[in-house]
2 protein chains.
Amino acid sequence: MAPHLVQPGWRFWRQAACTLGASVQHRTWAGASRIPRLGSPWGATATSPRVYRSGFSTFPRAPEVMLTRERYPVRRLPFSVVSGEDLAAFERIVPGRVITDPEVLEASNVDWLRTVRGSSVLLLRPRTTEEVSHILRHCHERNLAVNPQGGNTGMVGGSVPVFDEVILSTALMNQVISFHDMSGTLVCQAGCVLEDLSRHVEERGFVMPLDLGAKGSCHIGGNVATNAGGLRFLRYGSLHGTVLGLEAVLADGTVLNCLSTLRKDNTGYDLKQLFIGSEGTLGVITAVSILCPPKPRAVSVAFLGCPGFSEVLQTFSTCKGLLGEILSAYEFMDAECMWLVTRHLRLASPVQDPSRFIPDQHTGRRYHVAESVCASEPVDPESPFYVLIETSGSRAGHDAEKLNDFLEQVLSSGLVTDGTVATDHMKVKALWALRERISEALSRDGYVYKYDLSLPTERLYDLVTDLRARLGPRAKHVVGYGHLGDGNLHLNVTSEAFSPSVLGTLEPYVYEWTAEQRGSVSAEHGLGFKKRGVLGYSKPPEALRLMQQLKALLDPKGILNPYKTLPAQA
Amino acid sequence: MAPHLVQPGWRFWRQAACTLGASVQHRTWAGASRIPRLGSPWGATATSPRVYRSGFSTFPRAPEVMLTRERYPVRRLPFSVVSGEDLAAFERIVPGRVITDPEVLEASNVDWLRTVRGSSVLLLRPRTTEEVSHILRHCHERNLAVNPQGGNTGMVGGSVPVFDEVILSTALMNQVISFHDMSGTLVCQAGCVLEDLSRHVEERGFVMPLDLGAKGSCHIGGNVATNAGGLRFLRYGSLHGTVLGLEAVLADGTVLNCLSTLRKDNTGYDLKQLFIGSEGTLGVITAVSILCPPKPRAVSVAFLGCPGFSEVLQTFSTCKGLLGEILSAYEFMDAECMWLVTRHLRLASPVQDPSRFIPDQHTGRRYHVAESVCASEPVDPESPFYVLIETSGSRAGHDAEKLNDFLEQVLSSGLVTDGTVATDHMKVKALWALRERISEALSRDGYVYKYDLSLPTERLYDLVTDLRARLGPRAKHVVGYGHLGDGNLHLNVTSEAFSPSVLGTLEPYVYEWTAEQRGSVSAEHGLGFKKRGVLGYSKPPEALRLMQQLKALLDPKGILNPYKTLPAQA
């Protein structure tokens with residue numbers, strides 16, 4: 001059933017918005033189509049993911065990315081070096097899928113953010129769990145380090161080699177194994193692209209329990225290995241709850257089959273949990289069983305402007321109360337984010353277009369001109385904050401009533417000053433693009449310092465304001481956005497180029513600030529290579545010790561994704 | 001806001017029920033009040049849990065329960081025996097809370113099902129994590145085995161000693177540490193009784209994400225240690241998703257503080273997951289942080305009769321589609337369950353009272369008499385199956401409309417033949433009692449053979465039918481009920497007394513049948529002492545080996561809850 005316009009809501013909303021002097025525009029959306037961009041997770045949405053995965057020759061070389069071993073103080077561990085005999089052995093295991101061409105390897109050596117770069121000379125592309133098992137058994141015997149790689153869309157350098165690790169790609173492990181129409185249980189290989197899986201289950205009346213900006217490239221195995229959060233976390237919760245089972249190959253090649261499709265199974269320790277979020281350091285995930293919720297019959301998105309962060313928080317409280325069980329996302333972004341997506345990606349703000357405002361010479365206030373029925377009403381030039389609220393429900397009429405009541409309340413109380421609502425699928429996508437593509441816009445703005453923090457919601461934006469003052473003109477932009485409903489702030493700072501001075505101002509300050517709030521220094525991105533040194537800000541020494549013991553138990557030679565997740569040993 | 005009658009729904013339902021010849025009764029509910037029963041988890045609801053926990057003298061002795069070491073082929077492992085010096089040391093750690101009185105110890109040595117019995121001579125009742133740490137450090141040094149104990153409401157003998165393990169009770173660790181009104185995050189000590197916590201958060205507008213029949217006695221720490229499922233699992237999911245953090249004391253006394261209150265935290269391995277469902281064998285959980293969902297403003301329960309199991313399944317599909325996001329439970333029970341609760345607990349069937357039906361001498365059909373507006377319509381004498389459907393939503397009117405549409409559809413299609421709906425809090429509780437108290441009714445029927453299985457929903461009831469035929473008159477009752485929405489069958493068989501012949505017919509047959517369906521031999525009860533030998537029916541050898549390695553890593557001396565969860569070593 002196609003989503004349709006929430007007519008009563010729309011009428012009310014238009015009226016209320018006018019009363020309060022807001023402008024409401026429904027127009028063609030510049031942001032509706034994605035701009036393909038080679039080498040980025042978003043680019044792969046427009047290009048076919050299968051092109052990405054079957055031939056790497058479409059990727060440009062990236063000579064300007066500094067080698068990780070040159071930028072960071074990291075020493076190669078005493079692993080073996082790939083020999084001719086190893087190549088011959090791998091050729092027997094995965095015939096025709098042993099890649100040594102440097103041009104092709106380049107794309108797998110560099111992360112999509114173009115901040116880290118390994119120097120692997122070997123990429124293997126198994127199709128089956130058995131092939132992964134044989135590869136790992138060989139690597140274990142030969143003491144060869146391995147870098148498991150999914151869609152290479154990670155944010156913390158976890159998915160590319162640091163030195164010459166063998167890259168083990170899941171790109172060809174892209175088969176759906178089964179889908180159960182009654183329970184919504186999907187079983188698939190680890191290399192399935194999230195967007196392909198979404199399409200597969202949506203055709204059958206379900207949705208994937210997770211959604212990410214990188215869905216066009218990221219692999220479900222990588223999602224699980226990094227415990228990806230994303231845009232549906234608020235509604236469907238963590239992968240620790242929605243992943244029903246998985247199959248992983250341990251460092252020595254042992255296949256651990258915990259690919260249960262049962263919602264409940266209390267027979268012994270829940271071993272699959274060990275691998276969810278361990279970033280490929282404890283085993284290579286080869287298949288996943290995941291519970292898909294029923295596809296909502298109606299989806300609406302409200303994109304609203306708020307006059308301050310306090311209003312963003314109060315709007316959240318209000319919408320939890322009034323939208324209840326249909327609330328499926330509550331995202332926020334600040335005005336600088338909006339500037340970046342409109343400037344770098346040519347997306348149009350649905351709420352206001354600052355260029356359309358002219359100042360009143362007497363009062364200094366700015367007025368909206370043209371197109372809007374409310375054109376003569378005074379409005380603020382641009383909202384300092386925007387929130388994106390998504391509802392997903394089983395009955396459009398009920399959802400619209402709930403949404404209207406909510407909008408009426410936030411407008412009449414002044415928590416929201418402006419906004420628009422969409423139920424049409426393409427318009428919903430266009431509104432989401434404003435939020436989903438912030439990371440892409442940032443990467444076009446310069447060198448990006450990225451922080452992904454969990455903080456108490458009431459203090460969440462203080463850090464952004466604080467850093468803006470501390471950095472002054474040394475930063476191009478200091479922006480805050482993220483999954484407010486989950487207490488998750490994406491704090492990003494851009495500068496023209498990498499600057500040790502900016503970095504020194506940011507770190508360890510950001511981590512100390514977060515630790516003081518008992519927050520997390522990595523909410524959903526993981527630690528990978530770039531954040532492994534800051535684990536101690538969020539975990540006590542006893543936890544760190546147990547992690548190291550688990551690593552030693554499951555991977556005694558340390559061949560799986562070395563230099564990642566765990567801090568370097570002294 | 002108090003729940004109120006769904007008036008439009010009620011009118012529709014009454015009318016539709018009449019059309020189809022069903023009877024609808026709203027009357028005083030015999031089952032509304034709980035009958036206190038000492039020594040059972042339900043008894044503690046009526047008696048104060050605090051009485052239960054502060055003095056054991058109210059419990060009768062249970063000499064008739066055979067000692068576990070005499071009934072089962074189990075050998076004591078070479079742990080030390082508690083000495084006078086140990087007692088003195090414990091007295092220094094928990095002064096006045098070192099219990100050696102055999103009368104008091106009896107209640108902690110016997111499980112509530114009265115099927116297993118240990119012979120511990122020592123019960124310790126710490127109040128703080130530090131005390132637990134000191135106790136375990138001492139036990140570790142002295143090689144004393146420890147049996148962590150919460151509310152002692154487990155189904156598989158996991159919560160009582162097998163031999164003379166020191167009983168470490170969490171009963172006095174019953175403090176709420178914090179509750180965050182905006183996020184709904186509760187942090188509390190492990191010994192808090194689930195019902196007390198429910199009350200605490202409900203007063204603040206939230207609900208606990210789990211609910212169990214044993215809520216009046218069970219401890220949250222025990223719930224987490226056994227990964228309890230229960231009645232809200234369908235809506236709020238597994239504890240692996242809702243538990244945000246926990247604090248556990250390891251075997252050597254190390255305090256592992258992972259008591260995060262963050263929804264997202266991807267800093268390293270998610271260590272808390274190790275302890276969820278490990279039944280106290282890897283560490284003693286001392287505090288829990290858990291995410292509570294907002295309290296629904298409207299709750300309705302429909303209790304319906306279905307003419308067959310196929311109709312139970314089709315009703316489930318229909319209600320998933322039409323109730324969508326407000327569906328919060330889908331439970332089923334067979335006619336024998338109804339017989340047991342009406343006979344042993346004097347609860348009244350809300351759907352029909354067979355005594356009120358009189359046979360028509362010409363047709364043999366039975367007719368409902370008196371009270372009902374539909375009295376002259378023919379109905380089946382009793383439904384072969386009953387389902388309990390709960391909806392929880394934020395808007396009573398919307399929920400009622402959805403429920404009415406659902407009822408109209410299942411009645412008109414003949415999937416449901418009879419039923420009643422309640423929105424009043426007390427009537428909702430009374431309907432739930434019919435389902436929640438089945439286990440109690442069974443325990444009054446004789447010796448109970450209990451199985452808790454996850455199976456594909458479409459095959460779920462075949463096993464019950466099959467066993468009824470296999471056992472014939474040797475069984476008093478063979479009943480099936482459970483959380484159909486989660487694919488979880490509680491299969492129970494009663495006989496006058498324990499019978500090796502009945503057991504031999506049941507096992508390993510039930511486990512083999514389950515394994516053939518790739519089900520789980522313990523969906524939510526865990527393995528404890530009684531099921532640890534059947535782990536292999538649901539887990540491959542590689543998983544078993546990894547479990548043993550984890551046990552050896554975390555508890556190298558094996559002092560924590562020995563003889564539980566993991567199969568006995570050859």
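That block above? That's the structure.
Note that the structure is predicted; figures quoted are calculated from it, not measured.

A. Looking closely at the interface of chain A and chain B. Taken residue by residue, the interface counts 84 residues in chain A and 84 residues in chain B. Across the chain A/chain B interface, buried area totals approximately 6,700 Å², and carbon plus sulfur atoms make up 56% of it. When the buried surface of chain A facing chain B is broken down by residue, A:Lys264, A:Asn266 and A:Tyr269 rank first, second and third, together holding 15% of it. Where chain A touches chain B, the interface holds 12 salt bridges. In this structure, the connection of chain A to chain B is made through 46 residue pairs in polar contact (both at pLDDT 80 or more). Secondary-structure elements contributing two or more residues to the side of chain A that touches chain B are helix H10 (233–236), helix H11 (239–242), strand E8 (255–258), helix H12 (272–275), helix H13 (309–323), helix H15 (396–412) and helix H21 (541–554) of chain A. At nine residues, H21(A) tops the list of elements feeding residues into the side of chain A that touches chain B.

B. Structural view of the pattern of salt bridges. By the definition in use, this model includes 55 salt bridges over all chains. As a salt-bridge pair, A:Lys272 and A:Asp270 come within 3.0 Å of each other at their nearest N and O atoms. For A:Glu440, the salt bridge is made with A:Arg437, and the minimal N-O distance between the two is 2.8 Å. Under the relative-accessibility criterion, A:Arg437 is labelled buried at 1%. Residues joined by salt bridges that share partners form a network here, namely A:Arg263, A:Lys264, B:Asp486 and B:Glu524.

C. Region of interest: the packing of H15(A) against helix H15 (residues 396–412) of chain B. Axis separation between H15(A) and H15(B) bottoms out at 11 Å; the angle between their running directions is 180°. In terms of their interaxial angle, H15(A) and H15(B) are classed as roughly antiparallel. Two secondary-structure elements touch here, H15(A) through A:His398, A:Glu401 and A:Lys402 and H15(B) through B:His398, B:Glu401 and B:Lys402. Residue composition of the contact of H15(A) with H15(B), grouped by class: no nonpolar, two polar and four charged.

D. Spatial organisation of the relation of the copies chain A and chain B. For the match of chain A to chain B, the screw axis carries a shift of 0.0 Å, the RMSD comes to 0.0 Å, and the turn is 180°. The two molecules are tied by a two-fold rotation axis, judged by turn and shift. Judged by C-alpha distance, A:Gly241 is the residue of chain A that lies nearest the rotation axis, at 2.1 Å. Taken together, the interface assignments show that 100% of the residues at the interface of chain A recur at the interface of chain B, consistent with an identical surface on both copies.

E. Focus on the sheet that holds strand E11 (residues 327–334) of chain B. All names here are of chain B. Strand order in the open sheet made by the seven strands is E16-E10-E15-E11-E18-E19-E17, with antiparallel pairing throughout. Every other strand in the sheet has two partners, leaving strand E16 (418–422) and strand E17 (447–454) as the edge strands with one partner each. Within this sheet the neighbouring strands show an average axis-to-axis angle of 15°, counted without direction. Where E17 and strand E19 (residues 488–495) come together, eight bridges link them in antiparallel fashion. Across the sheet, the residue bridging to Lys 450 is Asn 492, located in E19. Relative to the sheet, H15 contacts strand E10 (298–306), strand E15 (385–393) and E16, its axis offset from that of E10 by approximately 10°. Across the sheet, helix H18 (residues 462–471) is in contact with E11, E17, strand E18 (477–483) and E19; its angle to E18 comes to roughly 170°.

F. Representation of the pairing of strand E5 (residues 176–180) of chain A. With four bridges connecting them, E5(A) and strand E6 (residues 185–189) of chain A associate as antiparallel partners. Across the sheet, residue A:Val176 finds its bridge partner in E6(A), namely A:Cys188.

G. Molecular detail of the packing of helix H18 (residues 462–471) of chain A against helix H20 (residues 509–516) of chain A. Residue and element names in this part refer to chain A. Contact geometry for H18 and H20: axes closest at 12 Å, N-to-C directions at 150°. Considered as vectors, H18 and H20 are oriented roughly antiparallel to each other. Regarding H18 and H20, the two cross each other, and that crossing is right-handed. Between H18, through Asp 462, Leu 463, Asp 466, Leu 467 and Arg 470, and H20, the contact on the second element is made entirely by Tyr 509, Val 510, Trp 513 and Thr 514. Broken down by class, the residue content of the contact of H18 with H20 amounts to five nonpolar, one polar and three charged.

H. Structural context of the sheet that holds strand E4 (residues 166–169) of chain A. All names here are of chain A. The strand order across the open sheet built from four strands is E1-E2-E4-E3, with neighbouring strands paired in mixed fashion. What marks the edges here is a single partner per strand, and that holds for strand E1 (98–99) and strand E3 (146–149). As paired elements, E1 and strand E2 (residues 123–124) share two bridges and run antiparallel to each other. Within E2, the position partnered with Ile 99 by the bridge is Leu 123. Of the strands in this sheet, E2, E3 and E4 touch helix H7 (residues 129–142), which is tilted by about 165° from E4.

I. Looking closely at the packing of aromatic side chains. Residues and elements named next belong to chain A. By the definition in use, this model includes 31 aromatic pairs over all chains. Pairing Phe 309 with Tyr 461 gives two aromatic rings, centres 5.4 Å apart and planes at 25°, and the pair type is stacked. Taken together, the residues Phe 309 in helix H13 and Tyr 461 in the loop between strand E17 (447–454) and H18 connect sequence positions 152 residues apart. The class for Phe 309 is buried, based on a relative accessible area of 11%. A centroid spacing of 6.5 Å and a plane angle of 35° characterise the contact between Phe 332 and Phe 385, whose relative ring orientation is tilted. Taken together, the residues span a long stretch of sequence, with Phe 332 in strand E11 (residues 327–334) and Phe 385 in strand E15 (residues 385–393) at a distance of 53 residues.

J. Helix H6 (residues 102–109) of chain A, seen in detail. Residues and elements named next belong to chain A. When we look at burial in H6, the residues that qualify are Val 104, Leu 105, Glu 106, Ser 108 and Asn 109. On its buried side, H6 packs onto E1, E2, E3 and E4. Between a side-chain oxygen at the N-terminus of H6 and the backbone nitrogen of Glu 103 the separation is 2.9 Å; the capping residue is Asp 101.

K. Spatial organisation of unusual backbone geometry. In this chain, A:Glu507 is followed by A:Pro508 through a cis amide linkage whose omega measures 5°. Mapped onto the elements of the fold, A:Pro508 is located in the loop between helix H19 (500–506) and H20. Here B:Asn143, not a glycine, exhibits a phi torsion of approximately 60°, which is positive. With respect to the secondary-structure elements, B:Asn143 resides in the loop between helix H7 (129–142) and strand E3 (146–149).

L. View of helix H16 (residues 425–436) of chain A. An ideal rise of 1.5 Å per residue puts 16 Å on 12 residues; H16(A) measures up with 16 Å between its terminal C-alpha atoms. By the burial criterion, the buried members of H16(A) are A:Val428, A:Ala430, A:Leu431, A:Trp432, A:Ala433, A:Leu434, A:Arg435 and A:Glu436.

M. Just the side chain of B:Glu524, in detail. Secondary-structure assignment places B:Glu524 in the loop between helix H20 (509–516) and helix H21 (541–554). If we skip the residues at most four places from it in the chain, B:Glu524 touches A:Lys264, A:Asn266, B:Thr226, B:Asn227, B:Gly229, B:Gly230, B:Asp452, B:His483, B:Asn488 and B:His490.

Cut-offs applied
- Residues numbered from 1 in each chain as written.
- Chains lettered and ligands numbered in written order.
- Predicted model: local features only at pLDDT ≥ 70, side-chain atom pairs only at ≥ 80, totals over all residues.
- Heavy atoms only, no water.
- Contact = heavy atoms within 4.5 Å.
- Buried area = accessible area lost by both parts, 1.4 Å probe.
- Salt bridge = Lys/Arg side-chain N within 4 Å of Asp/Glu carboxyl O.
- Polar contact = N/O pair within 3.5 Å; in protein donor to acceptor, adjacent residues only side chain to side chain.
- Helix = DSSP H or I, 4+ residues; strand = E, 2+ residues; numbered from the N terminus.
- Buried < 20%, exposed > 50% of the residue type's maximum accessible area, 1.4 Å probe, protein only.
- Axes fitted to C-alpha atoms, helices over the stretch in contact; angles between N-to-C directions.
- Parallel < 35°, antiparallel > 145°, perpendicular 65-115°, else oblique.
- Nonpolar A, V, L, I, M, F, W, Y, C, P; charged D, E, K, R; others polar.
- Least-squares fit on C-alpha atoms with pLDDT ≥ 70 in both.
- Pairing = 2+ DSSP bridges.
- Left-handed = near helix turned anticlockwise from the far one by under 90°.
- Phe/Tyr/Trp six-rings, centres within 6.5 Å; stacked < 30°, edge-to-face > 60°.
- Expected span 1.5 Å × (residues − 1).

These figures come from the coordinates and say nothing about function on their own.
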